[in-house]
Amino acid sequence: MIKEFKKGDLEIVMATMNRDSLDFLIPMFPFCHFSEFSILIINQTSENKLLVSDFPSVRVVNSFEKGLSKSRNLGLQNAHGKIVLLADDDEVFKEDFESNILKAHNNYPEAASICFAIEGSNGLLFKKYPSQTKLQLNNLDIFNILSIEISLKKAVFDQLKIKFDTNFGLGSSFMMGEEAIFLSDLKNQKQNIIIVPKVIAVHPAVSTDDKLNLEQRYYVLGAFLTRVSNYNYLKGVFLKLFFDIKQSKIKINQVFVALKSANKGKEDFLQLTK
């Protein structure tokens, strides 16, 4: 068992597409050169547009598959770091992000995954986070976590062989929910997941959820709740409806459409996984 993580033990595993230059990394690290960190880039691309790195600290895997979950899985499979941080190609890291992540993993060695906080481009927190470290996460906590908030102890991941479900996430049948399913699978293996609300990066505030219409959102929700078998399907759907109505995201006369879409997502997922 590793007693203390130190600088160099963290590896940033980044998903991107169609890159042929490392220049996109420059604005992500405004306080130093990106080569000072261990980075693994999964570049989903075509055979005539390959990404190459001249820096020993920056490794590249060019993949000819599509789908964010496939990219995440390939990244975890090829990661060398003792701690892995999942990342997108459009975030900007805080200067102390590495020290905060290492400190958290040293303070909570029993945690298989530690999730951190993200700021929006406006300088405000991306969402509501706990005011202090949260050691016991419920299903709603896990369902609300974004992939770019997630860090993992590589040894635990290697032992359990848990993967992102490739039926979920951008570029797949169901466009969201892959990170919540991944963490739910981890929790079902009796692994400890915690939230340390230290801000580690800034990310544009547009999410996949914002790009989907009501029918698409509830279609994915139906599949998601069916996949997460330890969560009551109807309870989950009605809870989502309650909050959406309360927050004026949908109207009462749209409830039937939402329920119909959720049931369609449930049926399609069950058919897909027969």
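For the structure itself, consult the block above.
Rules used in this analysis
Residues numbered from 1 in each chain as written. Predicted model: local features only at pLDDT ≥ 70, side-chain atom pairs only at ≥ 80, totals over all residues. Heavy atoms only, no water. Phe/Tyr/Trp six-rings, centres within 6.5 Å; stacked < 30°, edge-to-face > 60°. Helix = DSSP H or I, 4+ residues; strand = E, 2+ residues; numbered from the N terminus. Buried < 20%, exposed > 50% of the residue type's maximum accessible area, 1.4 Å probe, protein only. Lys NZ or Arg CZ within 6 Å of the ring centre and 35° of its normal. Pairing = 2+ DSSP bridges.

**Points about the packing of aromatic side chains**
Considering all chains together, one arrives at 16 aromatic pairs under this definition. Measuring from centroid to centroid gives 4.2 Å for F164 and F182, while their planes differ by 10°, and the two rings are stacked. Here F164 is found in the loop between helix 4 (154-160) and helix 5 (178-188), whereas its partner F182 is found in helix 5, with 18 residues between them in sequence. Owing to a relative accessible area of 1%, F182 belongs among the buried residues under this scheme. Seen in terms of ring centroids, F242 and F243 are 5.4 Å apart; in terms of plane orientation they differ by 70°. Their pairing is edge-to-face. With a relative accessible area of 49%, F242 lands in the partly exposed category. Put simply, the rings of F29, F31, F37, F93 and F97 touch in pairs and so form one group of aromatic residues. When the ring centre of Y233 is taken as origin, the NZ or CZ atom of K266, which lies over that ring, is 4.4 Å away.

**Considering helix 5**
Among the 11 residues in helix 5, nine count as buried, and that is most of the element. The complete set of buried residues in helix 5 reads E178, E179, A180, I181, F182, L183, S184, D185 and L186. Downstream of helix 5 by a residue or two, K190 has a phi angle that is positive, lying close to 65°.

**Looking at unusual backbone geometry**
The backbone of N18 sits at a positive phi, close to 55°, despite the residue not being glycine. Tracing the backbone through its elements, the reader meets N18 in the loop between strand 1 (10-17) and strand 2 (38-44). Phi is positive for S248, close to 60°, though the residue is something other than glycine. Here S248 lies in the loop between helix 8 (233-246) and helix 9 (255-272).

**Digging into the sheet that holds strand 4 (residues 83-87)**
Either a parallel or an antiparallel arrangement is found when strands of a sheet pair, and the pairing is made through backbone hydrogen bonds. One open sheet accounts for eight strands, arranged 3-2-1-4-7-6-8-5; its pairing is mixed. Both outer strands of the open sheet, strand 3 (58-63) and strand 5 (92-93), are each paired with one neighbouring strand and no more. The sheet contact formed by strand 5 and strand 8 (residues 192-202) spans two bridges and is antiparallel. Bridging from a neighbouring strand, F93 pairs with A201 of strand 8.

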